[in-house]
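Working through the structure, step by step
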Protein chains: 2
Amino acid sequence: MLHMSSPIRCATPLTRGVAVVAVGGNALTAETQRGTADEIAANAAQMASCLGELVAAGWQVAVVHGNGPQVGNLAMQQDAAEDLVPVQPLHQLCAMTQGQLGSVLVRAVDRECGAGKAVCVVTHVGVDPQDPAFETPTKPIGPFFDEDRAQAYAAQRGWTVAEDSGRGWRRVVASPRPESIVEMQAIRTLLEAGHVVLAAGGGGVAVDAGSLDGVDAVIDKDRASAALATAVGATELYLLTGVDCVLLDFGTPRQRPAHRMTQQEAAQHLADGQFPAGSMGPKVEAALRFLDDGGHRAIITSVGRLAEAVAGDPTAGTSIERAHAATRTAS
Amino acid sequence: MLHMSSPIRCATPLTRGVAVVAVGGNALTAETQRGTADEIAANAAQMASCLGELVAAGWQVAVVHGNGPQVGNLAMQQDAAEDLVPVQPLHQLCAMTQGQLGSVLVRAVDRECGAGKAVCVVTHVGVDPQDPAFETPTKPIGPFFDEDRAQAYAAQRGWTVAEDSGRGWRRVVASPRPESIVEMQAIRTLLEAGHVVLAAGGGGVAVDAGSLDGVDAVIDKDRASAALATAVGATELYLLTGVDCVLLDFGTPRQRPAHRMTQQEAAQHLADGQFPAGSMGPKVEAALRFLDDGGHRAIITSVGRLAEAVAGDPTAGTSIERAHAATRTAS
């Protein structure tokens, strides 16, 4: 009963407000891994150790995980058994990965902080069916097919399919903007009660914000994190990625780390095309959106440097800070 | 934006305490259905309408759903793709069904009660690794195999397999007693804040109560409901099933409905072998356990009669009532 009776970090008074942490699905299934339960659990344990540092530092913590590799595996399993068992829609697969990865992360955090500290809320994120993203689906998901099978699925299932970088054909779906966090109030309540909340996994289960019907779209996890952070009144947003900090003039002789930027500087670098669309770009955009909406500070760093960034090490990660007087106080 | 702005039943003051409702996985995928997303959503809508009656009557409501058909489908999909994608352990499949069915039920309840009213908590239920149930696994799960494939899985994956009623071979797992609800405090907090909480789906993700490691076992959903009801201080427990009420002397000329029983009468009927082990027996046992642990009233009925049972119709369902003075007051 070790873990039930010895919460290690729980006693810390919660005084610093809410921090939201976004971690990629690749942090739970690395690109060199296949996604076994043991691999995911080991990665979650490492992540939980870092999250424990935030808790120990007095933050109320919400965590948004990605689910790319895991939802891809589920999609492959659905297809392999399509003659035996009904294929579930993408939004249901996303809900499944929230249960799967939420369970692993809750148990990992509870081992750090005491049983019952973490709680995973299956989270729905409202989108606007009129979002222009639905006109041009661009986000590839799930397995690769040859063109014939891809076109057959397009006909049978109404999918949009596209050739992906010479590697084969894949389904592509829209990536609309998050408009609302349906479970916002419940998540706030749990944060206020001192829980570490796993929420909006995979960017959230996408639903029509009006009807609550499921929508087969993928909400970018970093955008969802910014929306959640704003909704719950977070002052800090941690966007964890594969690199320790933002690099300027990446891949040129002038390449250099940027450890601290104002909102305006980051916006200028973004406008200058410093950040690639598929990787650092969405993170900087999410950071800026969060600061525009009242957040104090967004930090882009790796899982491994999180603890140092929390401790205030100025060489750990990239801190983008609200330029003017903070408009939101820690709750 | 109809559903976002017009909560129908939410305004009711919460004064009657907590009621826990258990519904079978067959109520979400009927035996004549294959388990498509549309089927599950339609069944959930009907269920949510009935749950809305409980909310309207002033109860704080927690819902425990079963997952037998759904976890069986997932297990089949895992096996069909085993050469492509790592097979996940049973406890992870249970977590996936919590996400899947929780999402459907949350959206269905929210359509009745207003967006954000319902919240699904991925719930872990602690079991004792020394539970004698682990010595003799008896609960069949997942697909049927021929004997050769079943024995191959037994060797490869460490499964226990058994022949099931002349229909083929299946995996069998232990069904240990629920010892603790890991997320108990979070669920209480959400109930107190007025949410309808979906919790312990499929009986909960089974974990070693000490280490929080996942355990490949199935916790009986009715037992889990009773444990949850006790943990959150519920006064009423609704066990929904395929029949409207308990029948005594079932299948004999003396067959008759039992609409009201004391705890002692129900215990006597159970001891007399009135209730079959696979169906009504576990429900009556769960009801008695709940009353022994301080609950006021357990009601066994169908989804269709729930509203009448809530309204106090004495011919709707079977009400088993605590014989002595109630020891727990509504919170």
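Note: the structure precedes this text.
Residues numbered from 1 in each chain as written. Chains lettered and ligands numbered in written order. Predicted model: local features only at pLDDT ≥ 70, side-chain atom pairs only at ≥ 80, totals over all residues. Heavy atoms only, no water.

The next subject is the sheet that holds strand E7 (residues 169–173) of chain A. Residues and elements named next belong to chain A. Judged by pairing direction, the sheet is antiparallel, and its three strands sit side by side in the order E5-E7-E6 without closing on themselves. Since the sheet does not close on itself, it has two edges, and those belong to strand E5 (139–145) and strand E6 (160–163), each with one partner. Within this sheet the neighbouring strands show an average axis-to-axis angle of 35°, counted without direction. Pairing of E5 with E7, which is carried by four bridges, proceeds in the antiparallel orientation. Bridging across to E7, lysine 139 finds its partner in valine 173. Packed onto the sheet, helix H5 (residues 147–157) meets E5, E6 and E7 and runs at close to 125° relative to E5. (Pairing = 2+ DSSP bridges. Helix = DSSP H or I, 4+ residues; strand = E, 2+ residues; numbered from the N terminus. Axes fitted to C-alpha atoms, helices over the stretch in contact; angles between N-to-C directions. Contact = heavy atoms within 4.5 Å.)

Looking now at the pairing of strand E16 (residues 318–321) of chain B. Residues and elements named next belong to chain B. Residues Thr318 and Ile320 of E16 are buried on one face, and the alternating residues Ser319 and Glu321, pointing to the opposite face, are buried as well. Pairing analysis gives three bridges linking strand E14 (residues 260–262) to E16, with the strands arranged parallel. Opposite arginine 260, over in E16, you have serine 319 as the bridge partner. (Buried < 20%, exposed > 50% of the residue type's maximum accessible area, 1.4 Å probe, protein only.)

With that settled, consider the sheet that holds strand E4 (residues 124–127) of chain A. Residues and elements named next belong to chain A. Read from one edge of the open sheet, three strands run E8-E4-E10, paired in mixed fashion. One side of each edge strand has no neighbouring strand; the edge strands of this open sheet are strand E8 (180–181) and strand E10 (205–208). Here E4 pairs with E10 via four bridges, running parallel. By the bridge assignment, valine 127 is partnered in E10 with aspartate 208.

Attention shifts here to the interface of chain B and chain A. In this assembly, 57 residues from chain B lie in contact with 57 residues from chain A. The tally of links from chain B across to chain A stands at two salt bridges. Measuring nitrogen to oxygen at the nearest pair gives 2.8 Å for the salt bridge that ties aspartate 213 of chain A to arginine 111 of chain B. The interface formed by chain B and chain A contains 18 residue pairs in polar contact (both at pLDDT 80 or more). Those elements that place two or more of their residues in the side of chain B that touches chain A are helix H1 (2–5), helix H3 (68–80), helix H4 (90–113), strand E3 (118–122), helix H6 (184–192) and strand E10 (205–208) of chain B. At 12 residues, H4 of chain B tops the list of elements feeding residues into the side of chain B that touches chain A. Classifying every residue of the side of chain B that touches chain A gives 29 nonpolar, 21 polar and seven charged. Across three bridges, the pairing between strand E3 (residues 118–122) of chain A and E3 of chain B is antiparallel. Residue pairing across strands places cysteine 120 of chain A opposite valine 122 of chain B, the latter belonging to E3 of chain B. (Salt bridge = Lys/Arg side-chain N within 4 Å of Asp/Glu carboxyl O. Polar contact = N/O pair within 3.5 Å; in protein donor to acceptor, adjacent residues only side chain to side chain. Nonpolar A, V, L, I, M, F, W, Y, C, P; charged D, E, K, R; others polar.)

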